[in-house]
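Here are the chains, one letter per residue:
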Amino acid sequence: MAENKQELGRDIAAPLDTLEVNGKQYKLAFTNETFRLAEDVYEYHYGRVKNFAEIAMDLTRSKMGAIMAMLYGAIMAAAPETTLTWEDFSRDFRIAALPGVTDKLMTGVTNALPETDKQDGANP
């Protein structure tokens, strides 16, 4: 009798490094390019000009537009040669496919931001 292997759980604290969209796995990269691309999504697809700090605030409020903009930017930053268009991504993306999505995105963004030098008296 063949053994059934069952996935008992998934570590939702693990970094988000891939995303499934319409049955295909895409690598993610959270870099400065990701942030720039998220700004482009806001400007060209949402018709609003927002800087990354404003998008990050939307992420803290779990705004779907910010989540989608960041994830699309992360896909494009990881593989600029991908043929996934914004239209395809926005049509096929399913938030339910991502356990702990908000926590993972905030961790990825936080880890990608530069740390301040506390000794120079700058505000954090």
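Residues numbered from 1 in each chain as written. Predicted model: local features only at pLDDT ≥ 70, side-chain atom pairs only at ≥ 80, totals over all residues. Heavy atoms only, no water.

Draft legend 1. Here's a closer look at the packing of helix H1 (residues 32–45) against helix H2 (residues 52–60). Where H1 contacts H2, the axes come no closer than 10 Å and their chain directions differ by 85°. Viewed along their axes, H1 and H2 adopt a mutual orientation that is roughly perpendicular. On the side of H1, the interface is formed by Phe35, Ala38, Glu39 and Tyr42, while H2 contributes Phe52, Ile55 and Asp58. Of the residues belonging to the contact of H1 with H2, the class tally is five nonpolar, no polar and two charged. (Axes fitted to C-alpha atoms, helices over the stretch in contact; angles between N-to-C directions. Helix = DSSP H or I, 4+ residues; strand = E, 2+ residues; numbered from the N terminus. Parallel < 35°, antiparallel > 145°, perpendicular 65-115°, else oblique. Contact = heavy atoms within 4.5 Å. Nonpolar A, V, L, I, M, F, W, Y, C, P; charged D, E, K, R; others polar.)

Draft legend 2. Just the pairing of strand E2 (residues 24–27), in detail. Looking at chain direction, strand E1 (residues 18–21) and E2 are connected through four bridges and run antiparallel. Looking across to E2, one finds that glutamate 20 is bridged to glutamine 25. Between the end of E1 and the start of E2, which pair antiparallel, lie two residues, with asparagine 22 showing a positive phi angle near 55°. (Pairing = 2+ DSSP bridges.)

Draft legend 3. Local environment of the pattern of salt bridges. Scanning all chains against the criterion turns up six salt bridges. Between aspartate 58 and lysine 50 there is a salt bridge, and its shortest N-O distance comes to 2.6 Å. Overall, aspartate 58 belongs to the buried group, its relative accessible area being 5%. A salt bridge links arginine 91 to aspartate 88, with the shortest nitrogen-to-oxygen separation between them at 3.2 Å. With a gap of three residues between them, arginine 91 and aspartate 88 both fall in helix H4 (residues 86–92), about one helical turn apart. A residue is classified by how much of its surface remains accessible, and arginine 91, at 48% relative accessible area, is partly exposed. Several salt bridges share partner residues, and in doing so they unite Glu33, Arg36 and Asp40 into one network. (Salt bridge = Lys/Arg side-chain N within 4 Å of Asp/Glu carboxyl O. Buried < 20%, exposed > 50% of the residue type's maximum accessible area, 1.4 Å probe, protein only.)

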